[in-house]
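# An overview of the molecular structure
Each chain is listed here by its residues.
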Amino acid sequence: MAGDGAAAPDRPVSLAVSGLGCLRGGKVLFRDLGFVLERGQALVVNGANGAGKSSLLRSLAGLLPWRAGQLQWCGHTLKPTDAAYAQRLAYLGHHSGMSDTLTGLENLRFALTLAEVPWDTGQVQQVLQQLALQDMVSRPLGRLSQGQRRRLALARVWLSQRPLWLLDEPDNSLDGEGCQRLVQMLDQHLDAGGLAVVVCHRGLALPPQHTQTLSLSAAAERAPALVQEAVPC
Ligand SMILES: Nc1ncnc2c1ncn2[C@@H]1O[C@H](COP(=O)(O)OP(=O)(O)OP(=O)(O)O)[C@@H](O)[C@H]1O
């Protein structure tokens, strides 16, 4: 199925983070943060506004330099600018990063071309169907609702064929049905052996045996608590 093919890495993947620290605007957001994700596992990150969740995700994506600590991808120690690692991840920030004037399909084609992913019409159609987007992808993005745009951004991630997904509040603007589709999408990605780090205020009903939760404290001086359980939806 499309989801499986889109997510399946060629071989088992892992991400190990240790001693990670982040300084932003002269303030320590977190320090000595660590976790390990093996094939098929997700980390859900929660915490108060301003606690540093997006900064953590940007650090993991190599968009913010990490001040302390180490990242290992499949056992190899990374530098923030490691191009091979960048090609293994799909990052979704608060904004979709798509053009308002292009249609949904044109945006997807552009994004997949940039990511050097071949266009597979069958797979694209299947992902669009799973996110209930078929009827709106021929419209310019600027004429879509926020929830529809978010679904399209998720389609971009799904079709990216990257094993590591870094998703910042992917449920933003999604209705209940959209949240269910997001969970199904993540389930399929994890089933196919992918990894995910998901920032989420509300929590997502991901499989508990494959999900860790990291709570970033608003008080930056405190060490973050890592709990081995899922957050109920
Ligand atoms: N570009 C920036 N320069 C300096 N400080 C920043 C910058 N962006 C964010 N910050 C600060 O870093 C801290 C953490 O921000 P971040 O966006 O990571 O928090 P968050 O946990 O994702 O918050 P939210 O739940 O509101 O999305 C905040 O105190 C914020 O003011």
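Bear in mind that the values here come from a model prediction, so they are computed numbers and not experimental data.

## Quick look at the overall build of the protein
- Regarding its fold elements, the protein presents 7 helices and 10 strands.
- For the protein, the exposed area adds up to about 10500 Å²; of that, 49% sits on carbon and sulfur atoms.

## Structural notes on the nonpolar core
- In this structure, Leu131, Leu133, Trp165, Leu186 and Leu204 are the most contacted members of the largest nonpolar core, which totals 38 residues.
- For this core, the secondary-structure elements that each account for two or more residues are β3 (42–47), β6 (89–92), α4 (104–114), α5 (121–130), α6 (146–159), β7 (164–168), α7 (176–191) and β8 (195–199).
- Broken down by element, this core gets its largest block of residues, 7 residues, from α6.
- Leaving out residues up to four positions away in the same chain, leucine 133 has contacts with Leu128, Gln148, Arg151, Leu152 and Ala155.
- Core analysis: the next-biggest nonpolar cluster, separate from the first, contains 32 residues, Leu33, Trp66, Leu71 and Leu166 among them.

## Quick notes on the state of the cysteines
- This structure, assessed with the given rule, holds 0 disulfides.
- We note that cysteine 200 lacks a disulfide partner, and the nearest cysteine sulfur, in cysteine 179, lies 7.4 Å from it.

## Some remarks on the site of the ligand
- As a matter of local geometry, the ligand sits amid 15 residues, with Gly50, Gly52, Lys53, Ser54 and Ser55 nearest to it.
- Within the side chain of histidine 201, one N or O atom sits 3.1 Å away from an oxygen atom of the ligand.
- For the shell around the ligand, the secondary structure elements donating two or more residues are β2 (27–38) and α2 (53–60).
- Per-element tally for the shell around the ligand: the top contributor is α2, with 3 residues.
- Here the shell around the ligand is composed, by residue class, of 3 nonpolar, 8 polar and 4 charged.

## A look at the pattern of salt bridges
- In the structure shown here, the tally under the stated rule is 5 salt bridges.
- Note that aspartate 175 and arginine 151 form a salt bridge whose closest N and O atoms lie 3.1 Å from each other. Here aspartate 175 is found in the loop between β7 and α7, whereas its partner arginine 151 is found in helix α6, with 24 residues between them in sequence.
- Here aspartate 175 falls in the partly exposed class, since its relative accessible area comes to 43%.
- For arginine 151, a relative accessible area of 9% puts it in the buried group.

## Quick word on the packing of aromatic side chains
- In total, this model carries 1 aromatic pair according to the counting rule given.
- Note that arginine 109 overlies the ring of tryptophan 119, its terminal NZ or CZ placed 4.2 Å from the centroid.

## Points about the sheet that holds strand β1 (residues 14–24)
- Reading across the sheet, the 4 strands line up as β2-β1-β4-β5 and stay open at both edges, with antiparallel pairing between neighbours. With partners counted over all chains shown, the strands left at the sheet margins are β2 and β5 (76–77), one partner each.
- In the packing of α2 onto the sheet, the strands contacted are β1, β2 and β4 (68–73), and the crossing angle to β1 comes to about 125 degrees.

## Quick notes on the packing of α6 against α7
- Contact geometry of α6 with α7 gives a least axis separation of 12 Å together with a crossing angle of 5 degrees. Comparing the axis directions of α6 and α7 gives the class roughly parallel. Contact residues: α6 offers Arg151, Leu154, Val157 and Trp158, while α7 offers Glu177, Gly178, Arg181, Leu182, Met185 and Gln188.
- Looking at the contact of α6 with α7 residue by residue, the classes come out as 5 nonpolar, 2 polar and 3 charged.

Cut-off values and rules
Residues numbered from 1 in each chain as written. Predicted model: local features only at pLDDT ≥ 70, side-chain atom pairs only at ≥ 80, totals over all residues. Heavy atoms only, no water. Helix = DSSP H or I, 4+ residues; strand = E, 2+ residues; numbered from the N terminus. Areas by Shrake-Rupley, 256 points an atom, 1.4 Å probe, with all protein chains shown as cover. Core = buried A, V, L, I, M, F, W, Y, C linked by side-chain atoms within 4.5 Å. Buried < 20%, exposed > 50% of the residue type's maximum accessible area, 1.4 Å probe, protein only. Contact = heavy atoms within 4.5 Å. Disulfide = S-S within 2.5 Å. Near = heavy atom within 4 Å. Polar contact = N/O pair within 3.5 Å; in protein donor to acceptor, adjacent residues only side chain to side chain. Nonpolar A, V, L, I, M, F, W, Y, C, P; charged D, E, K, R; others polar. Salt bridge = Lys/Arg side-chain N within 4 Å of Asp/Glu carboxyl O. Phe/Tyr/Trp six-rings, centres within 6.5 Å; stacked < 30°, edge-to-face > 60°. Lys NZ or Arg CZ within 6 Å of the ring centre and 35° of its normal. Pairing = 2+ DSSP bridges. Axes fitted to C-alpha atoms, helices over the stretch in contact; angles between N-to-C directions. Parallel < 35°, antiparallel > 145°, perpendicular 65-115°, else oblique.

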